[in-house]
Amino acid sequence: MITSNEMYYGKQLKQDKFNQLGVLVVPAMTLLSLEQLQILNQHGVSLEPNDVNEGTERTDHSVLVDESVLLVEEIFQEIRYTKQIPLLTIRKQIFPMIYHTTEQPNLFGLFACLQSKDDYTFRHNIGVGVIATLIGRWLELKENELSQLTIAATLHDVGKLRIPLEILNKPDKLTTEEFEIMKKHTLFGYEMIQNTVGTNEREALVAYQHHERHDGSGYPLGIKGEQISFFSRIVAVADVFHAMTSKRSYRNAAPFYETLKQMHDNAFGVLDPQIIRLFMDKIMQSIIGNEVLLTDGRKGTIIMANPHDPLHPLVSMSSGFLDLSKQSSCHIERILI
């Protein structure tokens, strides 16, 4: 849960804030980042609702996301050396950004911010945390469940900190032997989260199961369907989507729409069909009004998402309307932003 000043993350101060000695701490009109909130906390300054302008939250989340990626890098480097997960720090410094960006997100803008900028290892943790939290909101999870999901998603790959760096950072495809070592990050992560005070089995299971697949084709146990925890099935969707839409050292990012199509077609293993359906439906609903390029070279504008086939919406063309659900030879090549 977000408490105290953290709930005002991203909002704008109405007036100057001073500490008890009369020293200016944060000036008026400042958009509150993690740094400013920490300064206010250090000086014992508590904010009230009337201290901020309503409706002034940042619509461009890129600065907030970049800031959080740097924090995750610091936190994960600390974990690598101390072998301890600073859960309270994650809750106070990372949760506000994730909750803020998922309250009323511009999905396309948000996903663009989450794409890696030569920092995939750390941005992926934020990306999966944000996307999983979005899905949790769409599923209308209770507040305590959403908090658990956010922790689980953000820490889903924490076990990689126990994988040798030469394997973790290898720019080429892993050998069979190296991949077997890499797969152990699921067990390592499970053990690390289980041994952290303030976490629970539900959160730890996500680290262990997020590579399991609905048809039993995943790892480490090859379990299937309802045997996979609900949170793990959510994080698996977020994990695949962010990984495929991010640039990696050995491949470029896949186009946004192409990733959705491949996820739908089970190109990355069978994911939970209900979660996938919800995810795609919400995304396609969010891009109504966007221009798209079709595979035949024509351009159009999405005007309606088909509830039975969200990946093939109704498109407005200069020559009329085109229902892509009835066109086997033509589909969306990419969404034009």
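Now for a description of the structure that goes with this document. Quick caveat: nothing in here was measured; it's all calculated off a predicted structure. (Residues numbered from 1 in each chain as written. Predicted model: local features only at pLDDT ≥ 70, side-chain atom pairs only at ≥ 80, totals over all residues. Heavy atoms only, no water.)

1. Concerning the pattern of salt bridges
- Tallying each qualifying case throughout the model produces 11 salt bridges.
- We note a salt bridge from Arg123 to Asp66, for which the minimum N-O separation is 2.8 Å. Of this pair, Arg123 sits in helix α6 (residues 120–138) while Asp66 sits in helix α2 (residues 62–82), and the two are 57 residues apart along the sequence.
- For Arg123, a relative accessible area of 2% corresponds to the buried category.
- Lys170 is paired through a salt bridge with Glu178; the nearest N and O atoms lie 2.7 Å apart. (Salt bridge = Lys/Arg side-chain N within 4 Å of Asp/Glu carboxyl O. Helix = DSSP H or I, 4+ residues; strand = E, 2+ residues; numbered from the N terminus. Buried < 20%, exposed > 50% of the residue type's maximum accessible area, 1.4 Å probe, protein only.)

2. Details of the sheet that holds strand β5 (residues 291–294)
- Pairing in this open sheet of 5 strands is antiparallel, and the strands run β8-β7-β6-β5-β9 from one edge to the other. This sheet does not close on itself; its edge strands, each paired only once, are β8 (320–323) and β9 (332–336). Neighbour to neighbour, the strand axes of the sheet diverge by 40° on average, direction disregarded.
- As judged from the 4 bridges shared by strand β7 (residues 314–317) and β8, these two strands associate in the antiparallel manner. Looking at β8, one finds that Ser316 is bridged to Phe321. (Pairing = 2+ DSSP bridges. Axes fitted to C-alpha atoms, helices over the stretch in contact; angles between N-to-C directions.)

3. Overview of a nonpolar patch on the surface
- On the surface, a cluster of nonpolar side chains totalling about 330 Å² of accessible area is made up of Ile303, Met304 and Phe321.
- Within the element layout of this structure, Ile303 appears in strand β6 (residues 299–304).
- Judged by relative accessible area, Ile303 falls into the partly exposed class, the value being 37%. (Patch = residues over 30% accessible without salt bridge, like charges linked within 9 Å, V, L, I, M, F, W, Y side chains within 5 Å. Areas by Shrake-Rupley, 256 points an atom, 1.4 Å probe, with all protein chains shown as cover.)

4. Focus on unusual backbone geometry
- The step from Tyr219 to Pro220 runs through a cis peptide bond, and the omega angle for that step is 15°.
- Along the chain, Pro220 turns up in the loop between α11 (201–209) and α12 (230–244).
- Here Lys83, not a glycine, exhibits a phi torsion of approximately 65°, which is positive.
- Among the secondary structure elements, Lys83 is positioned in the loop between α2 and α3 (87–93).
- We classify Lys83 as exposed; its relative accessible area is 53%.
- A positive phi angle, near 60°, is found at Glu140, a position not held by glycine.
- When you line up the elements, Glu140 lands in the loop between α6 and α7 (143–154).

By themselves, these observations are geometric and do not establish any function.
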